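Listed below, chain by chain, are the residues.
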Amino acid sequence: MANLLVIHHSASGGTRALVAAFVEGAHSAESTRVLTRSADVATATDLLSADGVVFASPENFGYMAGSLKAFVDRSFYQCMADTTSHGGGTHSKLAGRPYSVLICAGNDGTGAMYSIDRIVTGWRLRKVHPGLIARRVGGEAGSSRGTVSETDLQAARELGQLFAEGLAIGVL
Ligand SMILES: Cc1cc2nc3c(=O)[nH]c(=O)nc-3n(C[C@H](O)[C@H](O)[C@H](O)COP(=O)(O)O)c2cc1C
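Computed from a prediction, not measured in an experiment: that's the story for all the values here.

Caption draft 1: Structural detail: unusual backbone geometry. Positioned with a positive phi, Phe-61 is a non-glycine residue whose angle comes to about 50 degrees. Take Phe-61: it is sitting in the loop between β3 (52-58) and α3 (66-75). Of the residues examined, Phe-61 has 7 C-beta atoms within 10 Å and is grouped as exposed. Look at Arg-124: it is not a glycine, yet its phi comes out positive at around 60 degrees. Assignment of secondary structure puts Arg-124 in the loop between α4 (110-120) and β7 (126-127).

Caption draft 2: Focus on helix α1 (residues 14-26). End to end, α1 covers 19 Å across 13 residues, agreeing with the expected 18 Å (1.5 Å per residue, within 8%). Of all the positions in α1, only Gly-14, Thr-15, Leu-18, Val-19, Ala-21, Phe-22, Gly-25 and Ala-26 are classed as buried. Down the axis of α1, the buried side of the element spans an arc of 165 degrees, and every buried residue falls inside it.

Caption draft 3: Broad picture of the packing of α1 against helix α5 (residues 150-168). It is the contact of α1 with α5, at a shortest axis distance of 6 Å, that shows an interaxial angle of 40 degrees. As the angle between them shows, α1 and α5 are arranged oblique. Considering only the axes of α1 and α5, their crossing is right-handed. Note on element contacts: α5 touches α1 through Asp-152, Leu-153, Ala-156, Arg-157, Glu-158, Leu-159, Gly-160, Gln-161, Phe-163 and Ala-164, opposite Ala-17, Leu-18, Ala-21, Phe-22, Val-23, Glu-24, Gly-25 and Ala-26. By residue class, the composition of the contact of α1 with α5 is 11 nonpolar, three polar and four charged.

So, how was this worked out
Residues numbered from 1 in each chain as written. Predicted model: local features only at pLDDT ≥ 70, side-chain atom pairs only at ≥ 80, totals over all residues. Helix = DSSP H or I, 4+ residues; strand = E, 2+ residues; numbered from the N terminus. Buried ≥ 20, exposed ≤ 12 C-beta atoms within 10 Å, placed from the backbone. Expected span 1.5 Å × (residues − 1). Arc of directions from axis to C-beta. Axes fitted to C-alpha atoms, helices over the stretch in contact; angles between N-to-C directions. Parallel < 35°, antiparallel > 145°, perpendicular 65-115°, else oblique. Left-handed = near helix turned anticlockwise from the far one by under 90°. Contact = placed C-beta atoms within 7 Å. Nonpolar A, V, L, I, M, F, W, Y, C, P; charged D, E, K, R; others polar.

Below is the structure:
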């Protein structure tokens, strides 16, 4: 059984809707277990136990959510192995594991996507899907309201299905 982990943060429900759709899609693969963890409580052990991971975040001020950054800050070194006694430096225990990203944004989202891609480079995770940026529609400018479109929810479902099935059959 493969383990697919979703680490998420959502303040006003947009990212949560994307995660729910992703999980719905992922459940179609019976031999992948899907685990969701709030970034507030996620641990390095959660990450080390996962065969694949999806980071889900709003864009806040052009960056990932602070709680997701805090998760990476407190887990980073626990996911690295010290190989200095063998003449090396450190290497990532997560190297090569597949990941992707779900972003919910007001009008952009690229900064949050970039910040996640850049920060997980240190773990040598492997991005197996470009991920999804959902921009809320129908809200007032500058507000966090508006809805996540059905098109974006469907894209999140499809990504969930693709990721879970890819893990289940061992092609990711
Ligand atoms: C403090 C704050 C900062 C934000 N900064 C951005 C931003 O830089 N770019 C953007 O596109 N949307 C921005 N937004 C809008 C949120 O990304 C958007 O409302 C998103 O759907 C929130 O996700 P959530 O509902 O999962 O909390 C910001 C919202 C808040 C509350």
